[in-house]
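# A closer look at the structure
Here's the letter readout for the chains.
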Amino acid sequence: MMSENDDNLMMNLAKLGSAAFFAEKYRESADAYWKAFRACGSNKTHEWRYFCLHGCTSTLRLGHFHPNEDDFINMQALLKDKKELRLFRLEAAYTLGVMYYSRQERMKCEDVYHHAVSIGKKKLSDKETKKEETCKMLSATDATKKTMKELMENRLMDCKKNLDNLNVATRRAVGTSFSPIEDPVRMTHWFPVGMGGTDLTQDMINNLIDVGGIQCDYCKRKDAKLSKCSYCNKGFYCSKECQKKQWREREHKKYCRKEGQFEPGDLVQLARLKNKPEINGNILKVVGRDQTATEERYKLQQVGAVQGDKILSIKASNLNQLRPYDCRI
């Protein structure tokens, strides 16, 4: 049980969060709601606890400001806390996925949502926890009380939907709404890197940025528990036999890359560029390491480049690896 002082502190902080939000002071609002959530941490089933957390997470997801490292640390810690109730872990997972996506870190986004699905699927053996999930919490969206199980199922559905959108119609926005973008049959880059645009069609681009994890990359089976390649962390297999066949027959050994490894001919996606944010998301081909640079940089050129097309030199930290070629065929 919370003390009267803690309860008053939580309520006052929640009011500050609400007032800051309506004053469009979104950073202050998120911080106040987070402090309110922490203030009622000693009572995990307090009816206002979810309201406070959702006040923070929904503000983080709106995109009015860039989440800072503390936001990532807080959500990661909440997600990993096995003593925490599942509703709050799923809320953290949903928010963390959106935050990763906003930084163009699709693979981390995928990892978080798979983790969320595994949490939601887990069968509870603890009677006390089952009882706790029947407790009612104040919903932040419509100010009504709902059971934790109801709220959890809704959030799990959101996580599954976002995971699905990382693999199907992948140019939809990840977040609270999913409005498809009308795409031409053939797509050119958003900025004139070269003279003729990219050779990549929209279907090819969607295939390149899919994160996988919905079927075995070798046999395409969907109704099995999948394991990842331990080296690249991007190949998915339903069995060791399929993984071995992928390695030999489809040459995964040729395309498998560890985190941060780039080889000539690899396709990569530009990300987290602050000076030219308009070119983030472009898919280019690695020409090779930029030997003239003192830091780790790579020379890149668009797919289908012609003579005279520009070659860019980009820092390794601004490149996203894509799934290995053999995993996408």
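Above this text is the structure in question.
What you see is a predicted model, and the numbers here were worked out from it, not measured in a lab.

This part is about the packing of aromatic side chains. Within this structure, the stated rule accounts for ten aromatic pairs. Pairing Trp34 with Phe37 gives two aromatic rings, centres 5.4 Å apart and planes at 40°, and the pair type is tilted. Taken as a pair, Trp34 and Phe37 lie in helix 2 (residues 26–39) at a separation of three residues, close to a single helical turn. An identical accessibility class is assigned to Trp34 and Phe37; each is buried.

The subject of this paragraph is the sheet that holds strand 6 (residues 283–289). Strand pairs in the sheet, formed through backbone hydrogen bonds, run parallel or antiparallel to each other. Strands sit in the order 8-7-6-5-9 across an open sheet of five strands; the sheet is antiparallel. Of all the strands in the sheet, the pair left with one neighbour each is strand 8 (312–315) and strand 9 (319–321). Taking each pair of neighbouring strands and ignoring which way they run, the sheet shows an average axis angle of 50°.

What follows covers helix 2. Between its terminal C-alpha atoms helix 2 stretches 20 Å, which fits the 20 Å expected from 14 residues at 1.5 Å a residue. Along helix 2, the positions that sit buried rather than exposed are Tyr26, Ser29, Ala30, Ala32, Tyr33, Trp34, Ala36, Phe37 and Ala39.

Moving on, we come to the pairing of strand 8. Burial of the side chains of strand 8 is restricted to one face: Leu312 and Ile314 are buried, whereas none of Ser313 and Lys315 on the reverse face is. For strand 7 (residues 297–302) and strand 8, the ladder comprises four bridges, and the chain directions are antiparallel. In the strand pairing of strand 8, Tyr298 is matched with Ile314.

What follows concerns the nonpolar core. Judged by nonpolar contacts, the single largest core of 50 residues is most densely connected at Phe88 and Tyr113. Secondary structure elements with two or more residues in this core: helix 1 (4–22), helix 2, helix 3 (49–61), helix 4 (69–80), helix 5 (86–102), helix 6 (106–121), strand 1 (136–138) and helix 8 (148–165). No other element matches helix 5, which puts ten residues into this core. When residues no more than four places from it in sequence are discounted, the contact partners of Phe88 are Phe37, Lys44, Arg49, Tyr50, Leu53, Leu78, Met137 and Met148. Counting residues in each nonpolar core, the second largest holds 13 residues, with Leu270, Leu284, Ala316 and Leu319 among its members.

Enumeration according to the criterion identifies 18 salt bridges in this entry. For Glu47, the salt bridge identified is with Lys145, shortest N-O distance 2.7 Å. Of the two residues, Glu47 is situated in the loop between helix 2 and helix 3 and Lys145 in strand 2 (residues 145–147); the sequence distance between them amounts to 98 residues. On the basis of relative accessibility, which here comes to 30%, the residue Glu47 falls in the partly exposed class.

Here helix 3 crosses helix 5 at 5°, and the two axes come no closer than 9 Å. Classified by the angle between their axes, helix 3 and helix 5 sit roughly parallel to one another. In this structure, helix 3 uses Arg49, Tyr50, Leu53, His54, Thr57, Leu60 and Arg61 to contact helix 5, whose residues at the interface are Leu87, Phe88, Glu91, Tyr94, Thr95, Val98 and Met99. A per-class count over the contact of helix 3 with helix 5 returns eight nonpolar, three polar and three charged.

Each value, and the rule that gives it
Residues numbered from 1 in each chain as written. Predicted model: local features only at pLDDT ≥ 70, side-chain atom pairs only at ≥ 80, totals over all residues. Heavy atoms only, no water. Phe/Tyr/Trp six-rings, centres within 6.5 Å; stacked < 30°, edge-to-face > 60°. Helix = DSSP H or I, 4+ residues; strand = E, 2+ residues; numbered from the N terminus. Buried < 20%, exposed > 50% of the residue type's maximum accessible area, 1.4 Å probe, protein only. Pairing = 2+ DSSP bridges. Axes fitted to C-alpha atoms, helices over the stretch in contact; angles between N-to-C directions. Expected span 1.5 Å × (residues − 1). Core = buried A, V, L, I, M, F, W, Y, C linked by side-chain atoms within 4.5 Å. Contact = heavy atoms within 4.5 Å. Salt bridge = Lys/Arg side-chain N within 4 Å of Asp/Glu carboxyl O. Parallel < 35°, antiparallel > 145°, perpendicular 65-115°, else oblique. Nonpolar A, V, L, I, M, F, W, Y, C, P; charged D, E, K, R; others polar.

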